[in-house]
Amino acid sequence: MGSDSLTIVDNRTGQKYEIPIVDGTIRAIDLRAIKKDKEDFGLLTYDPALLNTATARSAITFLDGEKGILRYRGYPIEQLAAHSTFMETAYLLIFGQLPTATQLEKWEWDISHHTLLHTNAQKLIESFRHSAHPMSVFIGAISALGSLYPDARDTACVECRLLQAQRIIAKVATIGAFTYRLNQGWPMNYPDDELGYVGNYLRMMFRMTEHKYVPNPVLERAINVLFILHADHEQNCSTSTMRVIGSSQADPYSALAGAAAALYGPLHGGANEAVLLMLEQIGSVRNVPGFIDKVKKGEAKLMGFGHRVYKNFDPRGQIIKKMAHEVFEVTGASPLQDIALELERIALHDDYFVSRKLYPNVDFYSGLIYQAMNLPTNIFTVMFAIPRSVGWIAQWMEMMREDDLKIVRPRQIYVGEGARDYVPIESRKA
Ligand code: CMC
C-alpha cells in the first residue's frame, strides 16, 4: 500500500495491518479486521461525545477552529455578513451556489408563499400555557407540522424534499414569532409577503395596532446578519441530531423537532439565554471578580465562553461584537453591557481561561443585542433556531442524496453484569 496508509501492529497477536488514510481519516470499520482470534468481534473505536470522529462527508460548511475560519460553500462568513442577506445565504446553503437575481427573486417568492401557518398548528401553539418556554412551543409546533404534511414522509422524493425545505424555512419564522406573542399574551400577526423574510419576521413579532408596520432598517439588517451567522455550523450537536433522526428516514419535521430539542440545551443554543441569566445574576461590575473566582473553583460556568471546535476565537462573535454598536445607537445600550465587557476583559487575560483556550463565542454577544431590542431572554434560543433550521434542512437534504445512506447505529462497550438467572421475588435479598 502507498504512503497514505496507517500500519498497525496488534501486539496481542503480532499481526500487522495496513489501513488506508483518505482525507486525513481512517474508516473505523477497517479496524474491524483486527481480531485477537477468529471468534473475536474485531476492534472498535471508543469515542464518547464524538470528540475525534467524522460522521459525515459534507460540502456545506468549512470550519477551521484553530485559525477561526468559517465558510459557507467556500464563501468566508465575514463577506457573507457584510454583503449578503439571510435569504440569499439560505439559497447558497441549500443549493450550493449564490443565486442569480432571477433565482433569488423566485426563491424569496417561494419562501414568502409558505409563511402562513395552518390554523391547527396555530391552535396548537395557542393551547400552550402562556408562560411555556418558547423553545418547548417551537419544538412542539415543528413536530406537529409533520402531521399536516403527510407528503413529507416520502423522503425518497426529491421534489418533495425541496418543498418541505421551503415550508420549513418559511414557517419557522412564523412559529418563532407566535411563540413570542403567546408569551406576551398578544394576538398573532399574520405574515405580510410585501416585506422581506426578516422584515416580515419583525412585523410578526412587534406589530401592535398600527396598520402598516415599517421595520427599522438598522435592526432589520442586524437580524439579517445574526441569522446569516447562525445559519449553519457543520456537525454540531443539533445538526448531528438532525442527521441521526433523518437516517431512519423519518420525515424532516420530526427530525427538525429533534434538532431543535438538542439546540435548546444551555451548552448549545440555549447558551445565549444562559449568558443573560448569568449577567443578571452577577448584577454589577463590582461582583465580576467574585464570579470569576467561582468559575475557577469549578462552582460556576462562564456561559458564552468556550467552544468544542474554536480554540482561538469565534469569528461569528467578532462580527456580532462590531455590529452591536450600530444596534445600540438605535436601541440604547444593553444595561448588562458593562458587566459583559468586564467579564470579557478579565477572562481574556486570566491564565485559567487563556490556558484552556476559552474565548467568547457567538452566544456571548448575541443576547446583549436581543436584550437591547427589548426581547425577553427566553426567546433568544428561538432566534437561533429560526436561522439554524436552514442549516439543518440543508444538511438533511445533502444526507438524503447519499447513495449508501444507512441508519445511524453506534456501538457500545457493555460494562454491566454477565449472564445470570432470574431470581423469584420471594428469594431476593434486600
Ligand atoms: N467556563 C468555565 N470553564 C470552562 C468553560 C466555561 N464556559 N468551558 C470549558 N471550560 C473548562 C472545562 O471545565 C475544562 O476544564 P478542565 O480541563 O480543568 O477540566 C476545559 O475548559 C475544557 O472544557 P471541555 O468541557 O472539555 O470543553 P468541551 O469542548 O467539551 O465543551 C462547551 C465546549 C461549549 C460545551 C463548553 O465550553 C461550555 O460549556 N461553554 C459554555 C456554554 C456555551 O457557551 N455554549 C455555546 C457554544 S457556541 C454556540 C453553539 O454552537 O452551540
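Note that the structure is predicted; figures quoted are calculated from it, not measured.

S.K.: Tell me about the site of the ligand, residues and numbers included.
M.R.: Contacts to the ligand come from 20 residues, most closely from His268, Lys301, Leu302, Gly304 and Arg308. Residue Gly304 places a main-chain N or O atom 2.9 Å away from an oxygen atom belonging to the ligand. Asn361 is positioned such that a nitrogen or oxygen atom in its side chain is 2.9 Å from an oxygen atom of the ligand. Notes on the ligand: free accessible area 930 Å², of which the protein chains cover 71%. Per-class residue counts for the shell around the ligand are ten nonpolar, five polar and five charged.

S.K.: Account for empty space enclosed by the protein, naming residues and giving values.
M.R.: Evaluated as defined, the whole model comprises one cavity of 30 Å³ or more. Taken as a whole, the largest cavity holds about 40 Å³ of empty space. Taken together, Gly306, His307, Tyr310, Phe313, Asp314, Tyr359, Pro360 and Asn361 make up the full set of residues lining the largest cavity. Classifying every residue of the lining of the largest cavity gives four nonpolar, three polar and one charged.

S.K.: How would you explain helix H8 (residues 217-230) if you had to name every residue and give the values?
M.R.: Compared with an ideal rise of 1.5 Å per residue, which puts 14 residues at 20 Å, H8 spans 20 Å between its outermost C-alpha atoms and is within 8% of the ideal. With ten of its 14 residues buried, H8 lies for the most part within the structure. Residues of H8 that are buried: Leu219, Ala222, Ile223, Asn224, Val225, Leu226, Phe227, Ile228, Leu229 and His230. With a side-chain oxygen lying 2.8 Å from the backbone nitrogen of Val218, the N-terminal cap of H8 falls on Asn216.

S.K.: Explain the state of the cysteines to me, and be specific about the residues and the numbers.
M.R.: Summed over the entire model, instances satisfying the criterion amount to one disulfide. What pairs with Cys157 in a disulfide is Cys160, and their sulfur atoms sit 2.5 Å apart. Judged by the sign of its S-S torsion, about 80°, the cystine formed by Cys157 and Cys160 is right-handed. In this structure Cys157 comes out as buried when scored by relative accessible area, which is 16%. In this structure Cys160 comes out as buried when scored by relative accessible area, which is 17%.

S.K.: Lay out unusual backbone geometry with the relevant residues and their values.
M.R.: Glycine aside, residues mostly have negative phi angles, and peptide bonds mostly take the trans form. Backbone geometry places Arg73, a non-glycine residue, at a positive phi of 50°. Examined against the element boundaries, Arg73 turns out to sit in the loop between strand E4 (69-72) and strand E5 (75-76). A relative accessible area of 19% means that Arg73 is categorised as buried. Here the phi dihedral of Lys357 falls at roughly 55°; this positive angle occurs in a residue that is not glycine.

S.K.: How would you summarise the pattern of salt bridges if you had to cite specific residues and measurements?
M.R.: Opposite charge on two side chains permits pairing when their charged atoms draw close. Applying the stated rule across the entire model yields 15 salt bridges. Among the ionic contacts, a cluster of salt bridges with common partners joins Asp192, Glu194, Arg203 and Lys212.

S.K.: Run through the pairing of E4, naming residues and quoting values.
M.R.: Side chains of E4 alternate between two faces, with Leu70 and Tyr72 buried and Ile69 and Arg71 left unburied. Counted along the chain from strand E3 (residues 61-64) to the antiparallel partner E4, the turn is four residues long, and its residue Gly68 has a positive phi close to 70°. Pairing analysis gives two bridges linking E4 to E5, with the strands arranged antiparallel. Among the inter-strand pairings, Arg71 is bridged to a residue of E5, identified as Pro76. Count of turn residues in the E4/E5 antiparallel hairpin: two residues, of which Arg73 carries a positive phi of about 50°.

Definitions and cut-offs
Residues numbered from 1 in each chain as written. Predicted model: local features only at pLDDT ≥ 70, side-chain atom pairs only at ≥ 80, totals over all residues. Heavy atoms only, no water. Near = heavy atom within 4 Å. Polar contact = N/O pair within 3.5 Å; in protein donor to acceptor, adjacent residues only side chain to side chain. Areas by Shrake-Rupley, 256 points an atom, 1.4 Å probe, with all protein chains shown as cover. Nonpolar A, V, L, I, M, F, W, Y, C, P; charged D, E, K, R; others polar. 1 Å grid on protein atoms, 1.4 Å probe; cavity = no way out; pocket = protein on both sides within 12 Å on 5 of 7 lines; lining within 4 Å. Points joined across faces, edges and corners; volume = space filled by probe spheres on them. Helix = DSSP H or I, 4+ residues; strand = E, 2+ residues; numbered from the N terminus. Expected span 1.5 Å × (residues − 1). Buried < 20%, exposed > 50% of the residue type's maximum accessible area, 1.4 Å probe, protein only. Disulfide = S-S within 2.5 Å. Salt bridge = Lys/Arg side-chain N within 4 Å of Asp/Glu carboxyl O. Pairing = 2+ DSSP bridges.

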